[in-house]
Amino acid sequence: GAVVSQHPSWVICKSGTSVKIECRSLDFQATTMFWYRQFPKQSLMLMATSNEGSKATYEQGVEKDKFLINHASLTLSTLTVTSAHPEDSSFYICSAREGLAPLSDTQYFGPGTRLTVL
Amino acid sequence: GNSVTQMEGPVTLSEEAFLTINCTYTATGYPSLFWYVQYPGEGLQLLLKATKADDKGSNKGFEATYRKETTSFHLEKGSVQVSDSAVYFCALSNSGGSNYKLTFGKGTLLTVNP
């Protein structure tokens with residue numbers, strides 16, 4: 001149980017285009033989903049937190065208009081990188097938290113999406 | 001605020017050696033503690049967790065005990081395998097309106113040689 005999928009697993013795009021990444025909880029309802037960015041050989045940096053049906057809460061320094069997050073259902077959240085540039089190239093990982101105790105404090109992670117912007 | 005400090009790697013061991021990765025934390029209240037493992041090119045997998053003092057989390061031969069008196073959650077395994085080579089992250093989660101955000105350590109790269 002507690003499986004989270006991401007799609008696509010990797011994507012290459014041209015500078016100036018937008019890219020959408022999907023995150024799905026496959027066997028549970030995710031009250032909260034998180035989006036992280038990971039640079040090579042570094043820890044995860046939390047970008048934003050989203051609750052179903054609400055606007056995402058972005059961490060300090062993360063551009064809301066650049067990284068659009070939609071959490072339309074309890075099993076799906078999307079991250080859209082708008083007008084992508086080479087500096088947006090990174091490994092993006094989502095996670096999902098089930099809202100019911102006793103698992104409510106545990107985040108389950110997707111396999112990640114490797115974005116390369118040319 | 002919350003913080004997690006874990007031993008810096010890389011850690012290189014021979015197969016069947018004993019593994020310890022130290023992790024200490026600073027947090028208000030009573031956080032839950034986690035170890036996640038990340039294999040190359042993949043996302044994070046939950047390895048084990050503990051939710052209160054003196055709890056021991058265990059999975060796949062790995063163990064960690066929640067020590068409130070020393071604010072520690074050290075990861076141990078008695079006999080590592082080549083397949084355990086990965087990056088290990090210690091993390092804590094606190095409630096209190098934070099949506100249970102995770103605070104991560106910087107990660108420790110473990111390489112196990114045959």
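Everything numeric here is computed off the predicted structure, so don't read it as measured data. (Residues numbered from 1 in each chain as written. Chains lettered and ligands numbered in written order. Predicted model: local features only at pLDDT ≥ 70, side-chain atom pairs only at ≥ 80, totals over all residues. Heavy atoms only, no water.)

Asks: Quick question: what am I supposed to make of the overall build of chain A here?
Replies: Check the secondary structure of chain A and you find zero helices and eleven strands. Counting from the amino terminus, helix and strand elements in chain A follow one another as β-β-β-β-β-β-β-β-β-β-β. Taken over C-alpha atoms, the radius of gyration comes to 14 Å for chain A, in line with the 13 Å a tight globule of 118 residues would show. Referenced to the eigenvectors of the C-alpha coordinate spread, the extents of chain A come out at roughly 45 × 25 × 20 Å. (Helix = DSSP H or I, 4+ residues; strand = E, 2+ residues; numbered from the N terminus. Rg over C-alpha atoms; globule rule 2.2 N^0.38 Å.)

Asks: Looking at this structure, I do not really get the overall build of chain B. What am I missing?
Replies: What chain B contains, in helices and strands, is zero helices and twelve strands. In chain B, the succession of helices and strands from N to C terminus is β-β-β-β-β-β-β-β-β-β-β-β. Taken against the 2.2 N^0.38 rule, which gives 13 Å for 114 residues, the C-alpha radius of gyration of chain B at 14 Å falls within 12% of a compact globule. The principal-axis extents of the C-alpha atoms in chain B amount to approximately 45 × 30 × 20 Å. Going through the 114 residues of chain B one by one, you find that 42% of them count as buried. Contacts in chain B between residues at least 24 apart in sequence constitute 56% of all its contacts with a sequence separation of at least 6. With the model as given, the accessible surface of chain B reaches about 5,400 Å², and the carbon-plus-sulfur share is 48%. Taking the average location of the 9 positive side-chain charges in chain B and that of its 10 negative ones, the two points are 9 Å from each other. (Buried < 20%, exposed > 50% of the residue type's maximum accessible area, 1.4 Å probe, protein only. Contact = heavy atoms within 4.5 Å. Areas by Shrake-Rupley, 256 points an atom, 1.4 Å probe, with all protein chains shown as cover. Lys, Arg positive; Asp, Glu negative; His and termini not counted. Charge placed at Lys NZ, Arg CZ, Asp CG, Glu CD.)

Asks: Before we go on, may I ask you to explain the state of the cysteines in this structure?
Replies: Joining two cysteines, a disulfide is a covalent bond between their sulfur atoms. Residue and element names in this part refer to chain A. Tallying each qualifying case throughout the model produces two disulfides over all chains. One disulfide bridge connects Cys23 with Cys94, the sulfur atoms lying 2.0 Å from each other. On the S-S bond that ties Cys23 to Cys94, the torsion sits near 80°, and the link is right-handed. Placement of Cys23 in strand E3 (residues 19-25) and of Cys94 in strand E9 (residues 90-98) is noted, with a sequence separation of 71 residues between them. Accessibility classification places Cys23 together with Cys94 in one group, the buried group. Summary of cysteine pairing: Cys13 is not part of a disulfide, and the nearest cysteine sulfur, belonging to Cys94, is at 18 Å. With a relative accessible area of 10%, Cys13 lands in the buried category. (Disulfide = S-S within 2.5 Å.)

Asks: It is not clear to me how the interface of chain A and chain B should be interpreted in this structure. Could you clarify?
Replies: When the parts come together, some accessible area is lost, and that loss is often what is quoted as the size of the interface. On the chain B side, the residues contacting the 23 residues of chain A number 20 residues. Here chain A and chain B share an interface that buries about 1,600 Å² over both sides, 52% of which is from carbon and sulfur atoms. Looking only at chain A, the three residues that lose the most surface to chain B are Ser43, Asp105 and Phe109 of chain A, adding up to 32% of its buried area. Among the ionic pairs, Glu59 of chain A bridges to Lys101 of chain B, the shortest N-O distance being 2.7 Å. Taken together, chain A and chain B are joined by six residue pairs in polar contact (both at pLDDT 80 or more). Classifying every residue of the side of chain A that touches chain B by side-chain character gives ten nonpolar, ten polar and three charged. (Buried area = accessible area lost by both parts, 1.4 Å probe. Salt bridge = Lys/Arg side-chain N within 4 Å of Asp/Glu carboxyl O. Polar contact = N/O pair within 3.5 Å; in protein donor to acceptor, adjacent residues only side chain to side chain. Nonpolar A, V, L, I, M, F, W, Y, C, P; charged D, E, K, R; others polar.)

Asks: When you look at the sheet that holds E3 of chain A in this model, what are you seeing that I'm missing?
Replies: Strand pairing in a sheet takes place through backbone hydrogen bonds and is either antiparallel or parallel in direction. Residue and element names in this part refer to chain A. Read across the open sheet, the four strands follow the order E1-E3-E8-E7; overall the sheet is antiparallel. Across the chains shown, the open sheet's two edge strands, defined by having one partner strand only, are strand E1 (4-7) and strand E7 (67-73). Here the average twist between neighbouring strands, direction ignored, is 15°. Two strands pair when backbone bridges link them, and E3 and strand E8 (residues 76-81) are joined in this way by six bridges, in the antiparallel orientation. Bridging across to E8, Cys23 finds its partner in Ser77. (Pairing = 2+ DSSP bridges. Axes fitted to C-alpha atoms, helices over the stretch in contact; angles between N-to-C directions.)

Asks: Can you walk me through the environment of Tyr92 of chain A in this structure?
Replies: Residue and element names in this part refer to chain A. Note that Tyr92 resides in strand E9. What makes Tyr92 buried here is its relative accessible area of 0%. For Tyr92 and Lys41, which are 51 residues apart along the polypeptide, the C-alpha to C-alpha distance reads 14 Å. Aside from chain neighbours lying at most four places away, what touches Tyr92 is Gln6, Ile21, Tyr36, Arg37, Met47, Phe67, Leu79, Gly112, Thr113 and Leu115. Looking at Tyr92, its side chain comes within polar contact range of the main-chain oxygen of Asp88, at 2.6 Å.

Asks: How should unusual backbone geometry be read in this particular structure?
Replies: Backbone phi values are negative for most residues with the exception of glycine, while trans is the configuration of most peptide bonds. Cis geometry is adopted by the peptide bond preceding Pro8 of chain A, which originates at His7 of chain A and carries an omega value of 0°. Relative to the helices and strands, Pro8 of chain A resides in the loop between E1 and strand E2 (10-13). Going from Gly9 of chain B to Pro10 of chain B, the amide bond is cis rather than trans, its omega being -5°. Relative to the elements of secondary structure, Pro10 of chain B occurs in the loop between strand E1 (3-6) and strand E2 (11-14). Phi at Ser83 of chain A takes a positive value of approximately 45°, unusual for a residue other than glycine. If you trace the backbone, Ser83 of chain A turns up in the loop between E8 and E9. With relative accessibility at 34%, the residue Ser83 of chain A sits in the partly exposed group. The backbone of Glu16 of chain B shows a phi angle near 80°, a positive value even though the residue is not glycine. Within the secondary structure, Glu16 of chain B is located in the loop between E2 and strand E3 (19-21).

By themselves, these are just geometric observations and shouldn't be taken as functional.
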